[in-house]
Amino acid sequence: MALTKMEKEYFMREAIKEAQKAAAKMEVPIGAVIVLNGEIIGRGHNRREETHDATTHAEMMAIREANQYLENWRIEEADLFVTLEPCPMCSGAMILSRIKKVYYGAPDPKGGTAGTLMNLLADKRFNHQVEVEKGVLEEECAALLTNFFRTLRKRNKEAKKIRQALLKEKGEREA
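Residues numbered from 1 in each chain as written. Predicted model: local features only at pLDDT ≥ 70, side-chain atom pairs only at ≥ 80, totals over all residues. Heavy atoms only, no water.

Under an unreviewed UniProt entry, the name given to the protein chain is tRNA-specific adenosine deaminase, and the source organism is Pisciglobus halotolerans. The UniProt entry for the protein chain carries the following text under Sequence similarities (unreviewed entry): "Belongs to the cytidine and deoxycytidylate deaminase family. ADAT2 subfamily." According to the UniProt record, the Catalytic activity (unreviewed entry) comment for the protein chain reads "adenosine(34) in tRNA + H2O + H(+) = inosine(34) in tRNA + NH4(+)". (UniProt positions renumbered as here; feature names shortened; annotations may be inferred.)

Strand pairing in a sheet takes place through backbone hydrogen bonds and is either antiparallel or parallel in direction. Read across the sheet, five strands follow the order 2-1-3-4-5 without closing on themselves; strand pairing throughout is mixed. Here the strands that pair on one side only, and so sit at the sheet edges, are strand 2 (39-45) and strand 5 (131-134). Pairwise comparison of adjacent strand axes, ignoring direction, gives a mean angle of 20° for this sheet. Bridge analysis of strand 3 (residues 79-84) against strand 4 (residues 101-106) gives five bridges, and the strand direction is parallel. Counterpart to Leu80 in the pairing with strand 4 is Val102. Lying on the sheet, helix 1 (residues 5-24) is in contact with strand 1 (31-36), strand 2, strand 3, strand 4 and strand 5; it crosses strand 1 at an angle near 140°. Along the sheet, helix 5 (residues 138-174) contacts strand 3 and strand 4; its crossing angle with strand 4, the most-contacted strand, is approximately 60°. (Pairing = 2+ DSSP bridges. Helix = DSSP H or I, 4+ residues; strand = E, 2+ residues; numbered from the N terminus. Axes fitted to C-alpha atoms, helices over the stretch in contact; angles between N-to-C directions. Contact = heavy atoms within 4.5 Å.)

Here the focus is the UniProt feature "binding site: Zn(2+)" (unreviewed entry) in the protein chain. In this numbering, the UniProt entry assigns the feature "binding site: Zn(2+)" (unreviewed entry) to His57, Cys87 and Cys90. Separation in sequence by 34 residues is not matched in space for these annotated residues, since their most distant C-alpha atoms are only 9.3 Å apart. Of note, His57 is situated in the loop between helix 2 (48-51) and helix 3 (58-70). Residues within four places of His57 in sequence aside, it is in contact with His45, Asn46, Arg48, Cys87, Met89 and Cys90. Note that Cys87 resides in the loop between strand 3 and helix 4 (88-97). Using a relative accessible area of 16% as the deciding quantity, one classes Cys87 as buried. What Cys87 contacts, discounting residues up to four positions off in sequence, is His57, Gly111 and Thr113. (Buried < 20%, exposed > 50% of the residue type's maximum accessible area, 1.4 Å probe, protein only.)

Our next topic: the pairing of strand 3. Counting buried positions along strand 3 gives six out of six residues, so the element sits mostly inside the fold. Alignment of strand 1 against strand 3, held across four bridges, turns out to be antiparallel. The residue of strand 3 that forms the bridge with Ile34 is Leu80. In this view, the connection linking strand 3 to its parallel neighbour strand 4 by way of helix 4 has right-handed handedness. (Right-handed = clockwise from strand over helix to strand, strands pointing away.)

Here it is as structure tokens:
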């Protein structure tokens with residue numbers, strides 16, 4: 001059964017809530033939810049900095065939670081909502097877990113594999129394909145990332161000024 005625009009936006013807003021959890025931890029703000037029969041069965045947000053684990057992307061966390069909920073590695077007939085176009089790893093996990101459809105917000109021109117750089121999800125050489133719908137609440141999803149990186153650059157610039165001032169002060173005291 002096809003989702004309405006209102007349902008798609010509701011679930012993407014839930015993914016955005018997950019992305020905001022990541023941002024609060026100074027993680028790249030990407031969030032994901034997995035929906036089966038109108039119910040969210042998996043949630044996730046980026047946790048790479050927290051876990052020191054490159055595989056803890058939002059989609060991977062949501063897939064793991066859905067696997068545990070279903071007590072099965074297959075998540076057939078489920079949809080995944082994610083704020084940023086999936087990377088190769090996450091697209092691979094969606095194929096392997098048999099996700100039915102992925103809805104994403106913002107495209108990823110540097111690493112997106114759901115249609116931007118390539119579309120792994122529709123590649124007929126794999127034994128499963130995942131349907132893709134892009135652009136759900138795209139502006140809101142893109143703004144999360146833009147604002148996060150703007151703030152991060154500003155913090156890094158201020159931290160650099162402080163380090164330089166401390167080094168200058170230290171040099172003047174030693175001279």
